[in-house]
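Chain by chain, the residues:
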Amino acid sequence: MPERTKLLKVIILGESGVGKTSILERYVRHSFSQQYKATIGADFLSMDVIIDDKPVPLQIWDTAGQERYQSLGAAFYRGADGVLLVYDVTDARSFEGLDAWRQEFIVSANPRDPDTFPFVVLGNKIDLISRPRAVSQKKAQQWCLQKGGLTHFETSAADNINIDLAFETVARSAVKRGEEEEEFILPETVEINRKPAEEQCNC
Amino acid sequence: MMEEDEIVDGGDLGADGAVGDNSNAMDELTETMKKVNVNGVPYEPLADGEYDAIVLGTGLTECVISGILSVAGLKVLHADKNEYYGGQSASVSLEQLFDKFKESKVELPKDVYGSSRDYNIDLIPKFIIGNGDLVRLLLHCDVAKYLEFRVVEGSFVYSGSRPHKVPVTAREAMTSGLLGLWEKNRCRQFFSYVNGYNPDDPEAHEKKDLKKMTMRELFKYYALQAETIEFVGHALALYTDDTYLDKPAEVTVKKIQLYANSLLRFTKSPYLYPLYGLGELPQAFARLSAVHGGTFMLNTPIDEILYNGSEQAIGIKSDGKVATCKYIVAAPEYFREKSMPVAKVVRCYCILAEPPPHTRESGSCQIVIPAAQAKRQTDIYVLVLSADHKVTPGGRYVALVSTTVETDNPAVEIQFGLNLLGHIIDKVVTVDDVLAPRSSGNDDKVFLSRGYDATTHFQTTSADVFDLYKRIFGQNLEIQTKNASTEE
C-alpha cells in the first residue's frame, strides 16, 4: 500500500469563548494566554502528529471568529478529515450548542457516512475553579454515546491537560477512515502560482 | 473604543471574577456604554456597533474588497441577507437551484439525479484564466491556500456544424479541422507576430503602430479568413461581440498574449476552476477578512440604511439594532434605487448524464459559439463541469449555457447552445438584469459593485474590484504578485 502523504484537515468547532484558539495555541505553540480576545489573526496552523511511528501532517483550522454569528460557510467545513467539537464545562449553553454544530458540519461538509465521521468532543476549562461546573462528565459522555459513541475528553488548554491526546485521537481516527476509503481518488489539483513550464525547466 | 470592547467581552465571559454584588451596576454601565448613537438617537448595537466600513452582500467582488479593507487595518462589518455566502455568485445544491428557479417543487429521485447535495452549481458560471487578474488577486491576497484548483480540460469553438477543439500546441494547430492548410501557415505568421509583440519595444512592432492600427487592419495584413478571425477574437481574446475589430489592435493582441501565457502556465488549457465550485472564491476572501478582524453576519436582513444630514450613509439597521460606519460597500441588489440595469443575461442550467458530443469525453470544458455562427450580436457560451471538480455526483454533468439577451424571447436564444448538449435530463432557465451603480458613491458614501455579465471569465469582475477600490480610496490598487519561492 502506498504511503499516505495527504494532509489531514482538522477543524475546531464550538461556541464563541469556549477556548478553541487556546486549544490550538497550546497544541501547536505550547503556550497559553489568560487574556481573552475574540479570535483575530488565527488562520490555520500546521503540525506533524506521530501515528504508529509515522509522521502525519495535520492542518488545523480555527474559525477566525466567523462562528460568532453562525457565519462559517461551507468552504470552512469542506474536505475536513476530523472535527474537534469543543464546549466549556462551566457553560451549559456551550454544551447544548454541540448538537447544532455537529449538524451544521454534516450538512455543509457533506461527508460520506457521517455516522462514522471522526468527531472528538472536548469539555474545556476544567482548570477553572472560580466558576461552578455546569456540565458533568457523565452528561457529556451520555450525549457522546447517543451520537454513536464519539470519543470524549475533558481538557484544559491552560494546564495542558489532554490536549495532545485529543489531537492524536482525532488524527488516528482520520487516518483509519482514510485507509478504509482506498478506492477514493483525489482529483489532480494545480498550484496557481506555479511558474510557466519553460521557466520551471531552467531552475 | 478598544477598552469598551474589552469590558464587553470580559462581561460575557465572566472570566475576571468581576461578577459579584455590584453586577447590576456593572450591567447598567455596560448597557449605556454599549448604545450606538446615530443623529442623536441611541440604538442597541449591531455586533460591535462601530465600524469603519460596512460591506453588504457576500458576492466575490464584495468579499475581495472586504478582505483588502480588513488587511489594511480597517474595522469591517460584513453582512448578507442570505444564510449562505456568495449572493449572486454563490454555488448551490440541485435542490436549492430548482427551489430558486422552478415554479413548483420537484422530486429529485437519486437514481436520476444522484444526491442533490453533491451538486455545487454556480449561479454565475465562469472559468478562471490561469494568468488573469483574478489569479493575481488570489496571490496578492494570499487566499489561494484556502482553495484547490483543477485545470479545465478542454476549450472548444463552434464552427460550421460542430464544436472543434481550440488548438493549444503547434502540432494540434496543424492537425485541427478548424483551419485549412494555407490558413494554418498565415496563422503561424500572425501568432508569431503577436507573441513577439512588446508595447515597450518598438523593434518588435515590425513598423506597425498597434495603438493606431485597428484589429481589423491587423487581421487583414495577415490575410486571415473570417472563420479564423472569429476563432481568434472569440475563443482566444474572449470577446463577446465584434466591436473590438474597429478598436486599436494592441488591446486585442494583449488579450491573445494573456491566453497564450495562461496556456504556457498550465499546459493543457488556459482555464482553472476551483474544486466545489466558484462559491468557494468569495468564502476564501471572506475568511481573509475574518482572519484580519472582519465581523461576519449571514442571515441578516437590512431594515434600513441610515444617512446623515448630507445624505451620506453612516450606518445600517437590522432587527432594530444599529451599526455605524464611514461608508458602505455593497452589491447593487442591496440598493436598487441607486443602481440601474445595463444588460440582461439568460442562463440555462442543464443536468446531463454524459459529456456533450464532440467534446472528447472531457470532464470539464468550454464551448464558445461565436455570435456570427448563431446569427447573433453576442456569443453563446457553454460551460461543462462534472465530479472532476466536485460539482456533481459521479456520472452526472452540469452544462451552463448563457448569453446576453437580445430579443423578447431569451429562452429561444440559448437553444443553439442546448442543441449541442445531447440528452438533457433536466434544466432550468433564468433571466437576470445586470445591475450597475448610477454614481461613483463619493457623494452618498455608498460604493456599489457591478452585477456579473455574460462573459465566461473573471476579467470584468476583477476590473470591477479595481474600479471599486479606486472609487473608495482615490488611488489604484497595487498588486504585488508573490513569487512562488516566497511561500511560507
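The rules behind these values
- Residues numbered from 1 in each chain as written.
- Chains lettered and ligands numbered in written order.
- Predicted model: local features only at pLDDT ≥ 70, side-chain atom pairs only at ≥ 80, totals over all residues.
- Heavy atoms only, no water.
- pLDDT = per-residue confidence, 0-100.
- Contact = heavy atoms within 4.5 Å.
- Pairing = 2+ DSSP bridges.
- Helix = DSSP H or I, 4+ residues; strand = E, 2+ residues; numbered from the N terminus.
- Axes fitted to C-alpha atoms, helices over the stretch in contact; angles between N-to-C directions.
- Parallel < 35°, antiparallel > 145°, perpendicular 65-115°, else oblique.
- Left-handed = near helix turned anticlockwise from the far one by under 90°.

**Description of the confidence of the model for chain A**
Phase 1: On average, residues of chain A carry a pLDDT of 87, and 86% of them reach 70 or more.
Phase 2: This stretch, residues 197-203 of chain A, has a pLDDT under 50; its non-local contacts, to residues over four places away or in other chains, come to 4 contacts.

**Quick word on the pairing of strand β17 (residues 339-352) of chain B**
All names here are of chain B.
Phase 1: Note: β17 against strand β21 (residues 424-437), 13 bridges, orientation antiparallel. Paired with Arg-347 across the two strands is Thr-430, which belongs to β21.
Phase 2: The sheet contact formed by β17 and strand β20 (residues 397-404) spans 8 bridges and is antiparallel. Residue pairing for β20: Tyr-349 is matched across the bridge by Leu-400.

**Description of the sheet that holds strand β18 (residues 365-369) of chain B**
All names here are of chain B.
Phase 1: Sheet architecture is open: 7 strands sit in the order β10-β9-β18-β19-β20-β17-β21, paired in mixed fashion. Two strands bound the open sheet, and with one partner strand each, they are β10 (162-165) and β21. Sheet twist, expressed as the mean angle between neighbouring strand axes with direction ignored, is 25°.
Phase 2: Across the sheet, helix α4 (residues 94-101) is in contact with β17 and β21; its angle to β21 comes to roughly 65°.

**A few points about the packing of helix α8 (residues 181-196) of chain B against helix α10 (residues 226-236) of chain B**
Residues and elements named next belong to chain B.
Phase 1: Here α8 crosses α10 at 45°, and the two axes come no closer than 12 Å. Regarding the angle of α8 to α10, the classification is oblique. The way α8 lies across α10 gives a crossing that is right-handed. Packed against α8, whose contacting residues are Glu-183, Cys-187, Phe-190 and Phe-191, the element α10 presents Thr-228, Val-232 and Leu-236 at the interface.

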